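Observations on the three-dimensional arrangement
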Amino acid sequence: MTAEQYACWTAPLRGKEVWVQRLNRWLTELGWLMYPLLLLAMAWKGDARLLRCVLVPGISFGVVTLVRRRINAPRPYQVLDIAPILVKDTQGQSMPSRHVFSLFVIAMTYLWVQPVMGAALLLLSVVLAVLRVLGGVHFPRDVLVGALCGIGSAWVGYWLI
């Protein structure tokens, strides 16, 4: 992604930044609300899959956090001359995108337990990934790696093991 590409991609959004910011926040909060609700519902029903639904995202989140800290990739607003739509002052730790990873792993958890809701959350996860790039806080590779890590860790944790 170059500064020129970013300007082209975001030109239709200029003047509507508040909507991009709100949707980004809403999708992020949706994940943080939906995940504990799923766990509570599973606990209420005595679902035997509950422990896995805690461990798979939890362990994966820890690993992604450590890997991202180790990579310490710069954010687009650090290396490109751009005015990001999403205001953030974090330096580095751009790859993989933890927001995107989190929503994808939550969506995959739902897919394992409640497939219809999981499919809907996967679509919203893609929207969040696009917003994080258009918001100027991640490069496309950051969100792609975040999504693949979320899908991959859930696939291993729920279907392979």
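Presented here is an overview of the structure given in this document. (Residues numbered from 1 in each chain as written. Predicted model: local features only at pLDDT ≥ 70, side-chain atom pairs only at ≥ 80, totals over all residues. Heavy atoms only, no water.)

1. Description of the packing of aromatic side chains
Taken as a whole, this structure holds 2 aromatic pairs when the rule is applied. Seen from their ring centres, Trp112 and Tyr158 are 4.5 Å apart, and the 15° between their planes marks the pair as stacked. Of this pair, Trp112 sits in helix α5 (residues 98-113) while Tyr158 sits in helix α7 (residues 140-160); the two residues are 46 residues apart in sequence, bridging distant segments of the chain. Just as Trp112 is buried, Tyr158 falls in that class too. Between Tyr158 and Trp159, the aromatic rings sit 6.1 Å apart at their centres with planes inclined by 90°, giving edge-to-face as the arrangement. Assessed through its relative accessible area of 39%, Trp159 is described here as partly exposed. Here a set of aromatic residues connected by ring pairs shows up, and it is made of Trp112, Tyr158 and Trp159. Lying over the aromatic face of Trp19, Arg22 brings its terminal NZ or CZ to 5.0 Å of the ring centre. Looking at Arg49, its charged tip hangs above the ring of Trp112, at a distance of 5.5 Å from the centre. (Phe/Tyr/Trp six-rings, centres within 6.5 Å; stacked < 30°, edge-to-face > 60°. Helix = DSSP H or I, 4+ residues; strand = E, 2+ residues; numbered from the N terminus. Buried < 20%, exposed > 50% of the residue type's maximum accessible area, 1.4 Å probe, protein only. Lys NZ or Arg CZ within 6 Å of the ring centre and 35° of its normal.)

2. Topic: the pattern of salt bridges
For the structure shown, the criterion picks out 4 salt bridges. Linking Arg25 and Glu29 is a salt bridge whose minimum nitrogen-to-oxygen distance equals 2.8 Å. In this pair, Arg25 and Glu29 both sit in helix α2 (residues 17-45), 4 residues apart, roughly one turn of the helix. In this structure Glu29 comes out as partly exposed when scored by relative accessible area, which is 41%. (Salt bridge = Lys/Arg side-chain N within 4 Å of Asp/Glu carboxyl O.)

3. What to know about the side chain of Ser102
Position of Ser102 relative to the elements: it lies in helix α5. When near neighbours in sequence (up to four residues on either side) are disregarded, Ser102 contacts Trp32 and Phe61. (Contact = heavy atoms within 4.5 Å.)

4. Focus: unusual backbone geometry
Trans is the prevailing form of peptide bonds, just as negative phi is the prevailing case for residues other than glycine. In this model, Met95 is joined to Pro96 through a cis peptide bond whose omega is -5°. Locating Pro96 in the fold gives a position in the loop between α4 (76-79) and α5. Although it is not a glycine, Asn72 adopts a positive phi angle of roughly 50°. If you trace the backbone, Asn72 turns up in the loop between α3 (50-71) and α4. You will see that Gln93, though not glycine, has its phi angle at about 50°, which is positive. With respect to the helices and strands, the residue Gln93 is situated in the loop between α4 and α5.

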